[in-house]
Amino acid sequence: MPVRFRFSPFFTFAMVSLAWLSSELPPASSQEPLPVVHRIPRQPFVSAVDRLVEAMDFAGTPFPSETVSALKEAGKQEDPAESTLAIQALLDPLCLVGVHINAESRVKVSEGEVEKRLMQQGWRAFLVKIHNEAGITAELVVDSPNAAPVYQKGRGARQKPRTDERLVNPDEVEGRWLDISMLSRRPLKKELSGLNLEYKIVMVGSRDVGKREAEISFNVGQGTQDIGFRNGVSILFDCQPAVEVELGIVDFDGKPTTASLLITDDRNRVYPNPAKRLAPDFFFHRQVYRSNGETVSLPPGDYNVTVTRGPEYTPIQRQVSIPDQPTWSETFRLRRWIHAAKQGWYSGDHHVHAAGCAHYDSPTEGVGPEDMMRHLLGEDVNVGCVLSWGPVSYT
């Protein structure tokens, strides 16, 4: 007997809607499209989308002009239901994840369709689609074990911090490559609006280059993960290499030397990211130290660079543009305003804590003199006495 199928009107409508949505999406992804949300109040939803466009500009990942125009046209459609569907069709393919908050405020997360591409030492803004059935106005919090600190300060006695406390081990550093946070500054708000659908922005940064996997979870408060801990999802990112910028560091007399460099972008973010630095770059410094011919990895873009070499030098401030190519070079010639050593006065620091202090208990118990030598040269310190007694006394 032949098998016959009968389609309900609802199922037919769903097929038509999905076919229309697929025509608006970019090339097929291995991920399923995020669920479509219905019965959305159009006026506040469209206003929120306008703020989202502005926030993406601030985040450094602006929507293409054609997407902005399409969003404006979608918001003007005569039928409110079709209007909100059209906006979802435009924004859903740009989402890293979809977050579903059910009527009991339980959170479930699913992976989105957007290309998961990052830039080494850089940041990228992704959208998060939030279906808020509960209508709650709590803060949406993002978390990841891959974003845990690569260092940790001991809080107990200085004699044996790694023996007495659970600190970061060297073998844990590789997995802690991620930086992730929700963008909550104006025009966006930290808390959810209470609408049954809204989009937020998550900022994702990578320390590394290559394929990297991250476990990313969301919550709206203690105990709000869904049953089975479905509030997290594993995502594989493709982290593109940054530009290797070779630095020419030339002293006032034309000789190669070492200097301090403070590198920021137009949002005052510091590069390399202090949160992921390990020796010889220190997390508690804004600056890094580089010698002539050494490199720093930077994403393509515009930067403000301040180069100096201690109080006897006049700081050099320059705006540099790093092109989208594998390598680049920048040269800085330093300027002295005084040379105290030529007048018989020598600079020195006779108490340099390279170990045995709270700054650097993990992943190693302090740093070696070779790390401190770079800093002494970069500040033009003539005499430096490095204290390395700490690890020697640990048992």
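Criteria and cut-off values
- Residues numbered from 1 in each chain as written.
- Predicted model: local features only at pLDDT ≥ 70, side-chain atom pairs only at ≥ 80, totals over all residues.
- Heavy atoms only, no water.
- Axes fitted to C-alpha atoms, helices over the stretch in contact; angles between N-to-C directions.
- Helix = DSSP H or I, 4+ residues; strand = E, 2+ residues; numbered from the N terminus.
- Parallel < 35°, antiparallel > 145°, perpendicular 65-115°, else oblique.
- Left-handed = near helix turned anticlockwise from the far one by under 90°.
- Contact = heavy atoms within 4.5 Å.
- Nonpolar A, V, L, I, M, F, W, Y, C, P; charged D, E, K, R; others polar.
- Expected span 1.5 Å × (residues − 1).
- Buried < 20%, exposed > 50% of the residue type's maximum accessible area, 1.4 Å probe, protein only.
- Polar contact = N/O pair within 3.5 Å; in protein donor to acceptor, adjacent residues only side chain to side chain.
- Pairing = 2+ DSSP bridges.

Enquirer: Tell me what's going on with the packing of helix 2 (residues 42-58) against helix 4 (residues 80-91), and back it up with residues and numbers.
Expert: Where helix 2 meets helix 4, the closest approach of the two axes is 10 Å, and the angle between their N-to-C directions is 25°. Taken together, the axes of helix 2 and helix 4 are roughly parallel relative to one another. When the axes of helix 2 and helix 4 are compared, the crossing they make is left-handed. Contacts between helix 2 and helix 4 involve R42, F45, V46, V49 and L52 from the former and P80, S83, T84, I87 and L91 from the latter. Partitioned by chemical class, the residues of the contact of helix 2 with helix 4 number 7 nonpolar, 2 polar and 1 charged.

Enquirer: Would you mind going over helix 2 in detail, with residue names and values included?
Expert: Taking 1.5 Å of rise per residue, 17 residues should cover 24 Å, and helix 2 covers 25 Å from first to last C-alpha, within 8% of that figure. Within the span of helix 2, buried status applies to F45, V46, V49, L52, V53, A55 and M56. Tucked inside the fold, the buried residues of helix 2 contact helix 3 (65-75), helix 4, strand 4 (123-132) and strand 7 (197-206). Downstream of helix 2 by one or two residues, G60 has phi in the positive range, about 85°.

Enquirer: Give me the side chain of S206: which residues, what numbers.
Expert: When you line up the elements, S206 lands in strand 7. A distance of 2.8 Å separates a polar atom in the side chain of S206 from the backbone oxygen of D208. Setting aside chain neighbours within four positions, we find S206 in contact with L118, M119, Q120, Q121, G122, W177 and C239.

Enquirer: Before we move on, can you summarise the sheet that holds strand 18 (residues 327-333) with the specific residues and values?
Expert: The 3 strands lie next to each other as 14-10-18, forming an open sheet whose pairing is mixed. The outermost strands of the open sheet, each flanked by one partner alone, are strand 14 (295-298) and strand 18. Averaged over all neighbouring strand pairs, the angle between strand axes comes to 30°, with direction disregarded. Bridge count between strand 10 (residues 243-250) and strand 14: 4 bridges; the pairing is antiparallel. Its bridge partner being in strand 14, V243 is matched across the sheet by L298.

Enquirer: Outline the packing of helix 3 against helix 4, listing residues and values.
Expert: Working note: a packed helix pair is described by the angle between its axes plus the distance between those axes. Relative orientation of the contacting elements helix 3 and helix 4 amounts to 165°, with a least axis distance of 8 Å. Here helix 3 lies roughly antiparallel to helix 4, going by the angle between them. As for the relative orientation of helix 3 and helix 4, their crossing is left-handed in sense. Contact with helix 3, carried on its side by A70, L71, A74 and G75, involves S83, A86, I87, L90 and L91 of helix 4 and no other residues of that element.

Enquirer: Kindly report on the sheet that holds strand 9 (residues 232-240), identifying the contributing residues and their values.
Expert: With respect to topology, 4 strands assemble into an open sheet ordered 3-9-8-5, the strand pairing being mixed. If you trace the sheet from one side to the other, it starts and ends with strand 3 (117-119) and strand 5 (141-143), each paired once. Between one strand axis and the next, the sheet turns through 40° on average, direction left out of account. Sheet topology places strand 5 next to strand 8 (residues 210-219); 3 bridges connect them, and they run antiparallel. The residue bridging V141 from the neighbouring strand is N219, located in strand 8.

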